[in-house]
Amino acid sequence: MSAVISTVKLHLNRRETTFLVPLYITGMVAVFSVLISLVFWRSGSQPGSAEWIQGSQSNPGIVYALLSFLVYLGVSSVATTFPFALTLGATRRSFTVGTLLWAAITSAYVAAILAVLSVAERATDHWFVGFYVFDVHVLGAGDIGRLVTIVFLGVLTALTVGGVFASAWVRFGARGPQLIAAGVVIVLAAALIVLVPAAAGIAEAFQLWWLAVAALVAIALSSTGTWLLLRPAVVR
Amino acid sequence: MTNAIDMQAVNRRFGDAIALDAVDVTVPEGSICGLLGRNGAGKATMMSIIAGQDRPSSGRVEVLGQEPFENESVLAMLSFVRDNQRYPDDYRLHHVLRIAPDFAPHWSDEVAAELVDGFRVPARTPIKKFSRGQLSSVAIVLGLASRAPVTLLDEPYLGLDVTARALFHDMLLRDYAAHPRTIVLSTHLVQESEALFDRVVILDGGKVRVSSEADDVRDLAFTLSGAADVVQGLIARSTVLSTHTVAGLMSATVWGAVDDEARTRARDLGARIAPASLHELVAAIGEHDPAPADPAHDEQKGVRA
Amino acid sequence: MFTEDAPIFQQLAARIADDIVAGVHPEESPVPSATDLAVFHQINPATASKGVNVLVDLGALYKKRGIGVFVATGARELLRTSRRAEFRRQYVEPLVREARALDIDHATLRQMIDDEESSQQ
């Protein structure tokens with residue numbers, strides 16, 4: 001158990017990467033969103049108009065910007081940290097559990113940041129000028145419960161998926177991640193082939209919680225995969 | 001005396017390659033054991049298995065009486081930093097010093113501070129940009145400051161300058177005397193380190209060729225040198241490890257202890273004879289072509305027991 | 001610092017014995033601990049203890065529990081006596097062998113020894 005806690009601390013040891021980089025990225029995205037809004041403003045769009053709100057709330061920039069960093073963070077949490085964790089004396093089991101725990105902490109942290117900023121954005125009437133950065137559709141458009149769920153599960157998915165790809169790399173070298181990617185593509189293609197005839201019906205019946213379930217499945221599969229891949233992995 | 005490390009019939013294969021071949025090695029508690037042999041002899045694989053970072057293909061390994069693989073209580077008592085150790089992205093020295101004590105219950109900040117200071121390990125440079133010697137310094141800091149009951153030092157000399165080597169020896173011996181533990185030090189720079197050892201294990205081609213007390217190594221082999229025909233005649237019925245011939249002169253390293261008879265015979269014929277030093281023995285074993293039926297193997301059994 | 005002619009513990013014992021004979025370590029004074037010797041010479045502490053123990057077994061050094069190792073009374077004479085016994089094998093034998101190899105006859109060798117003795121007076 002103590003090695004699990006130590007593994008969490010090992011991940012959190014990269015304080016800047018874990019705590020500050022998400023803030024930098026969020027800040028950058030905010031700046032870019034404001035710049036884009038300014039461009040629209042200058043081109044004649046009026047802040048506060050229905051069209052303006054619709055347009056800026058559809059901007060998912062925040063998601064893309066964070067997502068690539070989070071996948072990197074997930075990859076590096078295993079690729080370079082695993083060999084060092086073994087050196088320090090972590091077991092593969094405690095490393096896997098500790099890494100999942102750390103991913104949950106990081107997810108909660110990012111969810112909390114975005115929740116606070118979203119509340120602030122709405123409380124200041126969108127930064128007093130009608131700019132939409134965090135109060136966007138993809139983050140629940142103002143529904144805090146929904147935002148926290150989306151961000152938490154989204155970040156956790158990105159981290160664990162990054163982790164399982166890195167585990168495949170640790171275990172099999174460059175071929176590992178390619179094999180996983182190929183496997184995922186094949187499964188998705190097969191699902192598509194089976195489901196396409198019923199696509200219209202499925203789209204009709206689509207519920208948001210389906211995504212949550214999909215995320216949970218991805219998280220569970222990735223974590224199990226990480227464990228299975230790391231258990232026999234030999235660091236050389 | 002109990003054994004800190006006990007390996008019985010350990011084999012390790014990577015595909016077709018045999019990294020360790022029927023390795024039987026015990027290291028008693030409270031000793032400094034030199035793990036010697038050429039590059040690729042199996043030293044790193046053996047350490048990896050002792051450290052629970054790898055598992056044998058067959059055979060049994062016990063460290064402090066338990067199997068090390070996935071064994072949290074053993075791993076807490078063990079330190080192993082490999083010579084090509086990788087560190088997490090954007091790590092600097094302070095990251096290492098901050099987290100290592102969490103995994104090492106006997107960690108000493110004083111030892112770490114003294115070594116960091118003496119080695120002049122840069123604080124601001126990312127570890128990724130460290131020179132070979134600086135990487136070795138960090139590994140030594142981790143190895144010695146952990147005060148782990150079983151400490152494995154993997155090629156600690158790589159890139160170290162003379163001053164750093166002396167500092168390493170000084171700290172190793174002082175701290176070892178104050179806090180006895182079991183240390184296994186792998187190196188192919190034998191002369192650098194032979195005085196540190198009270199036990200030695202020599203590997204070649206994945207096989208244990210010697211496992212003995214350091215003081216007994218002198219009785220394992222001897223070197224003969226002189227006129228080629230004389231040396232040739234003297235070694236005719238011995239197990240020869242290696243020979244060097246140049247312009248009618250020959251030197252040979254031969255299994256066995258120097259006895260008075262051999263000494264007299266050699267002197268009468270004008271040849272020089274002396275017990276092989278540890279580094280001569282390691283070099284000779286490394287040159288020796290491991291023949292399938294190796295008579296040397298029987299001869300060293302007495303020492304291995 | 002040590003040669004390869006003999007095991008290190010023997011060479012260490014010989015060195016401490018040299019220092020006792022030369023008066024560096026007077027009788028009843030402490031000699032460095034095995035740990036200090038190990039660190040100083042950068043050798044294994046067990047090897048250092050073994051070297052010290054050679055002289056303890058000989059009676060030249062003795063251990064005071066918990067305090068350290070001391071030079072025994074009479075150690076200097078003891079070591080000198082044992083060295084006298086070794087003198088012929090260690091010094092005279094190679095001397096005569098080398099003289100023979102160089103065709104230095106008995107009279108010349110004697111003369112050399114006499115000259116050397118008087119110059120060191």
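What counts and how
Residues numbered from 1 in each chain as written. Chains lettered and ligands numbered in written order. Predicted model: local features only at pLDDT ≥ 70, side-chain atom pairs only at ≥ 80, totals over all residues. Heavy atoms only, no water. Helix = DSSP H or I, 4+ residues; strand = E, 2+ residues; numbered from the N terminus. Buried < 20%, exposed > 50% of the residue type's maximum accessible area, 1.4 Å probe, protein only. Contact = heavy atoms within 4.5 Å. Areas by Shrake-Rupley, 256 points an atom, 1.4 Å probe, with all protein chains shown as cover. Lys, Arg positive; Asp, Glu negative; His and termini not counted. Charge placed at Lys NZ, Arg CZ, Asp CG, Glu CD. Pairing = 2+ DSSP bridges. Patch = residues over 30% accessible without salt bridge, like charges linked within 9 Å, V, L, I, M, F, W, Y side chains within 5 Å. Salt bridge = Lys/Arg side-chain N within 4 Å of Asp/Glu carboxyl O. Axes fitted to C-alpha atoms, helices over the stretch in contact; angles between N-to-C directions. Parallel < 35°, antiparallel > 145°, perpendicular 65-115°, else oblique. Left-handed = near helix turned anticlockwise from the far one by under 90°. Expected span 1.5 Å × (residues − 1). 1 Å grid on protein atoms, 1.4 Å probe; cavity = no way out; pocket = protein on both sides within 12 Å on 5 of 7 lines; lining within 4 Å. Points joined across faces, edges and corners; volume = space filled by probe spheres on them. Nonpolar A, V, L, I, M, F, W, Y, C, P; charged D, E, K, R; others polar. Polar contact = N/O pair within 3.5 Å; in protein donor to acceptor, adjacent residues only side chain to side chain. Core = buried A, V, L, I, M, F, W, Y, C linked by side-chain atoms within 4.5 Å.

Caption draft 1: Spatial organisation of the overall build of chain A. A tally of helices and strands in chain A yields 11 helices and 0 strands. Helices and strands appear in chain A in the N-to-C order α-α-α-α-α-α-α-α-α-α-α. Based on the C-alpha atoms only, the size of chain A along its principal axes is roughly 60 × 50 × 30 Å. Out of the 236 residues belonging to chain A, those deemed buried represent 43%. Partitioning the contacts of chain A with sequence separation of at least 6, the portion at a separation of at least 24 is 76%. Carbon and sulfur atoms form 75% of the exposed surface of chain A, whose accessible area is close to 11,600 Å². Averaged over its 12 positive side-chain charges, chain A has a centre that lies 29 Å from the centre of its 7 negative ones.

Caption draft 2: Region of the structure containing the pairing of strand S3 (residues 32-36) of chain B. Residues and elements named next belong to chain B. By the criterion of burial, S3 is predominantly enclosed, with 5 of the 5 residues buried. Neither face of S3 is exposed, since Ile32, Gly34 and Leu36 on one face and Cys33 and Leu35 on the opposite face are all buried. In terms of strand pairing, S3 meets strand S7 (residues 182-187) through 5 bridges, oriented parallel. Its bridge partner lying in S7, Leu35 is registered against Ser186.

Caption draft 3: Representation of a nonpolar patch on the surface in the model. All names here are of chain A. On the surface, Val194, Leu195, Ile202, Phe206, Leu208, Trp209, Trp210, Leu211, Val213, Val217 and Leu221 cluster together into a nonpolar patch covering about 1,000 Å² of accessible area. For the nonpolar patch, the elements supplying multiple residues, two or more each, are helix H9 (175-195) and helix H11 (208-230). Broken down by element, the residue count for the nonpolar patch peaks at 7 residues, all from H11. Note that Trp209 resides in helix H11. Of the residues examined, Trp209 reaches a relative accessible area of 53% and is grouped as exposed.

Caption draft 4: Region of the structure containing the packing of helix H2 (residues 34-41) of chain C against helix H3 (residues 45-58) of chain C. Residues and elements named next belong to chain C. Running from N to C, H2 and H3 cross one another at 120°; their axes reach a closest spacing of 8 Å. With respect to H3, the axis of H2 lies oblique. Of the two elements, H2 crosses H3, and the hand of that crossing is right-handed. On H3, the residues that touch Ala34, Leu37 and Ala38 of H2 are Pro45, Ala48, Ser49 and Val52.

Caption draft 5: Here's a closer look at the pattern of salt bridges. Overall, the coordinates contain 19 salt bridges over all chains when judged by the stated rule. In this structure, Arg263(B) engages Asp260(B) in a salt bridge whose closest nitrogen and oxygen atoms are separated by 3.5 Å. Placement of the pair is Arg263(B) and Asp260(B) together in helix H9 (residues 260-268), with a separation of 3 residues, close to one helical turn. Measuring nitrogen to oxygen at the nearest pair gives 3.2 Å for the salt bridge that ties Glu86(C) to Arg89(C). In this pair, Glu86(C) and Arg89(C) both sit in helix H4 (residues 75-101), 3 residues apart, roughly one turn of the helix.

Caption draft 6: A look at the arrangement of the chains. Inter-chain contacts occur across 2 pairs of chains; the most extensive set of contacts lies between chains A and B. With respect to C-alpha atoms, chain A approaches chain C no nearer than 27 Å, and the pair has no contact.

Caption draft 7: Layout of helix H5 (residues 132-145) of chain B. End to end, H5(B) covers 20 Å across 14 residues, agreeing with the expected 20 Å (1.5 Å per residue, within 8%). Across the 14 residues of H5(B), 11 count as buried, placing the element largely inside the fold. Of all the residues in H5(B), the buried ones are Gly133(B), Ser136(B), Ser137(B), Val138(B), Ala139(B), Ile140(B), Val141(B), Leu142(B), Gly143(B), Leu144(B) and Ala145(B). For H5(B), the secondary structure elements touched by its buried residues are helix H5 (81-88) of chain A together with strand S5 (78-81), helix H3 (93-103), helix H4 (109-119), strand S6 (150-154) and helix H6 (162-178) of chain B. Positioned one or two residues after H5(B), Arg147(B) has a phi angle of 45°, which is positive.

Caption draft 8: Local environment of empty space enclosed by the protein. Applying the stated criterion across every chain, the model contains 5 cavities of 30 Å³ or more. Of the voids in this model, the largest cavity is the one considered here, and its volume is about 110 Å³. Lining of the largest cavity is provided by 13 residues; of these, Thr87(A), Leu88(A), Ser79(B), Ala104(B) and Ser146(B) occupy positions nearest its centre. Counting residues per element, the ones that place at least two in the lining of the largest cavity are H5 of chain A together with S5 and H3 of chain B. Broken down by element, the residue count for the lining of the largest cavity peaks at 3 residues, all from S5(B). Looking at the lining of the largest cavity, its residues break down into 10 nonpolar, 3 polar and no charged.

Caption draft 9: Region of the structure containing the interface of chain A and chain B. Chain A puts 34 residues into the contact, and the matching count from chain B is 31 residues. One salt bridge connects Lys9(A) with Asp102(B), and the closest N-O pair in it is separated by 2.9 Å. Taken together, the links from chain A to chain B amount to 16 residue pairs in polar contact (both at pLDDT 80 or more). Counting residues per element, the ones that place at least two in the side of chain A that touches chain B are helix H1 (2-12), helix H2 (15-42), helix H4 (61-79), H5 and helix H6 (92-123) of chain A.

Caption draft 10: Highlighting the sheet that holds strand S1 (residues 30-31) of chain C. Taken in spatial order, the 3 strands make up an open sheet running S1-S3-S2 (chain C), and their pairing is antiparallel. Looking at strand neighbours, the two that pair on one side only are S1 and strand S2 (61-64) of chain C, the edges of this open sheet.

Caption draft 11: Layout of the nonpolar core. Grouped together as the largest cluster of nonpolar side chains are 71 residues, with contacts concentrated most on Phe82(A), Phe84(A), Tyr87(B), Phe168(B), Leu278(B) and Leu281(B). For this core, the leading source of residues is H5(B), giving 7 residues. What Leu281(B) contacts, discounting residues up to four positions off in sequence, is Ile202(B), Val210(B), Val217(B), Leu220(B), Ala221(B) and Leu241(B).

Caption draft 12: Layout of the packing of helix H8 (residues 144-172) of chain A against H11(A). All names here are of chain A. As a packed pair, H8 and H11 sit with axes 8 Å apart at the nearest point and diverge in direction by 25°. It follows from the interaxial angle that H8 and H11 lie roughly parallel. Crossing hand, H8 versus H11: left-handed. Residues belonging to the contact of H8 with H11 are distributed by class as follows: 15 nonpolar, 8 polar and 2 charged.

Caption draft 13: Representation of the interface of chain C and chain B. Taken together, the contacts link 17 residues of chain C with 19 residues of chain B. One salt bridge connects Asp215(B) with Lys50(C), and the closest N-O pair in it is separated by 2.4 Å. Summed over the shared surface of chain C and chain B, the result is 6 residue pairs in polar contact (both at pLDDT 80 or more). Taken together, the elements giving at least two residues each to the side of chain C that touches chain B come down to helix H1 (8-21), H2 and H3 of chain C.

Coordinates in, geometry out; function isn't part of it.
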